[in-house]
Amino acid sequence: MELNQLLEQRISVNNFDPAGQISREQLESIIQAATSAPSAYNLQHWHFLAVTDKDRKLALKQAAYNQQKIEDAAAAVVVLGDLKAFEKAGLIADDLSAKGYLPEAYKDNLINTLHNAYSNESTQREEAIRAASFAAMTLMLAAKNDGFGTCPMTGFDPQAVRETFNIPAHLFPVLIVTIGQELEETRPQKFRQSVEQVTTFNGF
Ligand SMILES: Cc1cc2nc3c(=O)[nH]c(=O)nc-3n(C[C@H](O)[C@H](O)[C@H](O)COP(=O)(O)O)c2cc1C
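Predicted, not measured: the structure shown is a model, and the values here were computed from it. Within any chain, residue numbers begin from 1 and follow the written order of that chain's sequence. For a predicted model such as this one, the threshold for reporting local features is a pLDDT of at least 70, and the threshold for listing and counting side-chain atom pairs is 80 or more; totals across whole chains, interfaces and linings nevertheless cover every residue. Side-chain metrics rest on all non-hydrogen atoms present in the structure, leaving aside hydrogens and water.

1. So, the sheet that holds strand 4 (residues 171-180)
Piece 1. Paired strands are those between which DSSP finds at least two bridges. Numbered from the N terminus, helices here are DSSP runs of H or I no shorter than four residues, and strands are runs of E no shorter than two. Within the open sheet, the 4 strands sit side by side as 1-2-4-3. Their pairing is antiparallel. Lying at the two open borders of the sheet, with one neighbouring strand each, are strand 1 (46-51) and strand 3 (149-153). Each neighbouring strand pair of the sheet contributes to a mean axis angle of 25°, computed without reference to strand direction.
Piece 2. Note that strand 2 (residues 75-82) and strand 4 share 8 bridges and pair antiparallel. Residue pairing across strands places Asp-82 opposite Leu-171, the latter belonging to strand 4. Think of each axis as a best-fit line through the C-alpha atoms, taken over the contacting stretch in the case of a helix, with angles from 0 to 180 degrees between the N-to-C directions.

2. Considering the site of the ligand
Piece 1. The criterion for a residue being near a molecule or strand is simple. One of its heavy atoms has to lie within 4 Å of it. Around the ligand, a shell composed of 13 residues is seen, among which Ser-12, Gln-67, Lys-69, Lys-190 and Arg-192 lie nearest.
Piece 2. Contact between the ligand and Arg-10: an oxygen atom at 3.0 Å from a side-chain N or O atom of the residue.
Piece 3. In the environment of the ligand, an oxygen atom lies 2.9 Å from a nitrogen or oxygen atom belonging to the backbone of Gly-155.
Piece 4. Burial of the ligand by the protein amounts to 63% of the accessible area it has alone, namely 620 Å².
Piece 5. Of the residues belonging to the shell around the ligand, the class tally is 5 nonpolar, 4 polar and 4 charged. For the purposes of these results, a polar contact is taken to be a pair of N or O atoms within 3.5 Å, where, inside protein, one atom must be able to donate a hydrogen and its partner to accept one; residues adjacent in sequence count only when each atom of the pair is a side-chain atom. In this description, accessible areas are obtained by the Shrake-Rupley approach with a 1.4 Å probe, and a residue is regarded as covered only by the protein chains that are shown. In this classification, the charged set is Asp, Glu, Lys and Arg, the nonpolar set is Ala, Val, Leu, Ile, Met, Phe, Trp, Tyr, Cys and Pro, and all remaining amino acids, among them Gly, are polar.

3. Structural notes on helix 5 (residues 89-98)
Piece 1. To sort residues, take the accessible area from a 1.4 Å probe on protein chains only and compare it with the maximum for the residue type: under 20% means buried, over 50% means exposed, and anything in between is partly exposed. When helix 5 is considered as a whole, its buried residues turn out to be Ala-89, Ile-92, Ala-93 and Ser-97. The buried residues of helix 5 occupy one face: seen down the axis, they fall within an arc of 130°. Facing away from the buried surface of helix 5 by more than 90 degrees, the exposed residues are Leu-91 and Ala-98.
Piece 2. Contact criterion: two residues are considered in contact whenever any of their non-hydrogen atoms come within 4.5 Å of each other. If you follow the buried residues of helix 5, they end up packed against helix 6 (107-117).
Piece 3. Two residues or fewer after helix 5 comes Gly-100, characterised by a positive phi angle close to 85°. Directions are taken from the helix axis to each C-beta atom, and the arc is the one they span.

What follows is the structure, encoded as structure tokens:
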């Protein structure tokens, strides 16, 4: 689908077809696309918890204030932020160096910089939220391009989601994205402010 059309037609789906399905391959292909999202230092502070089994969706629904779309969607992907993404610094530096982005001699410097930059939890958390949000948006556009509807959701109890899925301490839920077949006919995009309203050139 052409990009502008895709952006306009991606709307938050309210009603998913409970009979709608998504194969593991389709879901993996959409997640693959989501991993092309950008992230600070390419640390990829994300992890995808793909919830497809009926009983697991019901458990997630309960942790999400019983939002029905979690049950009806073919899958719900909990996009997790990774507080310890900076521990991949060595991997990232090796890749940058192998591809000619970073001279070999600067690798240790980059690794030290990253360990320092991510030494406090608020930076870890903020960057993880940014990265996971970009990944979630990319996931939604890829899903739409493959003919699926989506809805981003933060209406859930993070602690309940953590307990329900045994999420390890270094990961935390940023957003849930439901993916499935839309029941509605294609509906118009909701109100958006004009470019003039939301843009300021060169400072306030
Ligand atoms: C951070 C975030 C949290 C959201 N949480 C929910 C949610 O818990 N349940 C829901 O039905 N929609 C949720 N939405 C969808 C918004 O209501 C929707 O994006 C907004 O109304 C704009 O509509 P559109 O996506 O169709 O353009 C959320 C969207 C965002 C970006």
